[in-house]
Amino acid sequence: MATGEVRQICDLYGSRHLGWVENKTGNLKIEVVEHAAAVVAADGRKALVFARRGVSPAARMRADELGIAIFGFDPQGGTLDGVSLLGRELFAAAQARQA
């Protein structure tokens, strides 16, 4: 997990991806997608957004336009699935590697 100043930019970071975890009530808003897109555009890594609740249609559509991967997660059920187009593609590719 990111801490300090980096935490203001993203929650998770790796050599190829930056990640945001939205564990709040309510649907994921388009502003999160826009923020992620702006950060990765300047940084060069890919954006991953994890949303515990739903995702607004506007946020999903904007993520599809910008190539942002959104994943839905359920910590109680221990599940993860792709929500945006890229999120679904990455999730399917990960599932295929495990098979």
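## Comments concerning the sheet that holds strand β1 (residues 12-13)
Overall, mixed pairing links the 5 strands, which are arranged β1-β2-β3-β4-β5 in an open sheet. Among the strands making up the open sheet, the edge pair consists of β1 and β5 (79-82). The pairing of strand β3 (residues 46-51) with strand β4 (residues 69-74) spans 4 bridges and is classified as parallel. Of the residues in β4, the one forming a bridge with Val49 is Ile70. Contacts from helix α2 (residues 30-43) reach β2 (17-22), β3 and β4, with the element oriented near 165° to β2. Sheet strands touched by helix α4 (residues 85-98): β3, β4 and β5. Its angle to β4, the strand with the most contacts, is close to 70°.

## Things to note about the pattern of salt bridges
According to the stated counting rule, one finds 5 salt bridges in the structure shown. The shortest N-O distance in the salt bridge between Arg62 and Glu34 comes to 2.7 Å. With Arg62 in helix α3 (residues 57-66) and Glu34 in helix α2, this pair connects stretches of sequence that are 28 residues apart. Among the ionic pairs, Arg45 bridges to Asp43, the shortest N-O distance being 2.6 Å. Its relative accessible area of 26% is what places Arg45 among the partly exposed residues. The network of salt bridges with common partners includes Glu34, Arg62 and Glu65.

## Things to note about the nonpolar core
A general tendency of soluble globular proteins is for nonpolar side chains to be buried together. Trp20, Leu28, Val33, Val49, Val55, Ile68 and Ile70 are the most contacted members of the largest nonpolar core, which totals 19 residues. Elements that contribute at least two residues to this core include exactly β2, α2, β3 and α3. When near neighbours in sequence (up to four residues on either side) are disregarded, Val49 contacts Trp20, Leu28, Val32, Ala36, Ile68, Ala69, Ile70 and Phe71. In this structure, Leu48, Phe50, Phe71 and Phe73 belong to the second largest nonpolar core, which totals 5 residues.

Basis of the calculations
- Residues numbered from 1 in each chain as written.
- Predicted model: local features only at pLDDT ≥ 70, side-chain atom pairs only at ≥ 80, totals over all residues.
- Heavy atoms only, no water.
- Pairing = 2+ DSSP bridges.
- Helix = DSSP H or I, 4+ residues; strand = E, 2+ residues; numbered from the N terminus.
- Contact = heavy atoms within 4.5 Å.
- Axes fitted to C-alpha atoms, helices over the stretch in contact; angles between N-to-C directions.
- Salt bridge = Lys/Arg side-chain N within 4 Å of Asp/Glu carboxyl O.
- Buried < 20%, exposed > 50% of the residue type's maximum accessible area, 1.4 Å probe, protein only.
- Core = buried A, V, L, I, M, F, W, Y, C linked by side-chain atoms within 4.5 Å.

Honestly, it's all geometry; don't read function into it.
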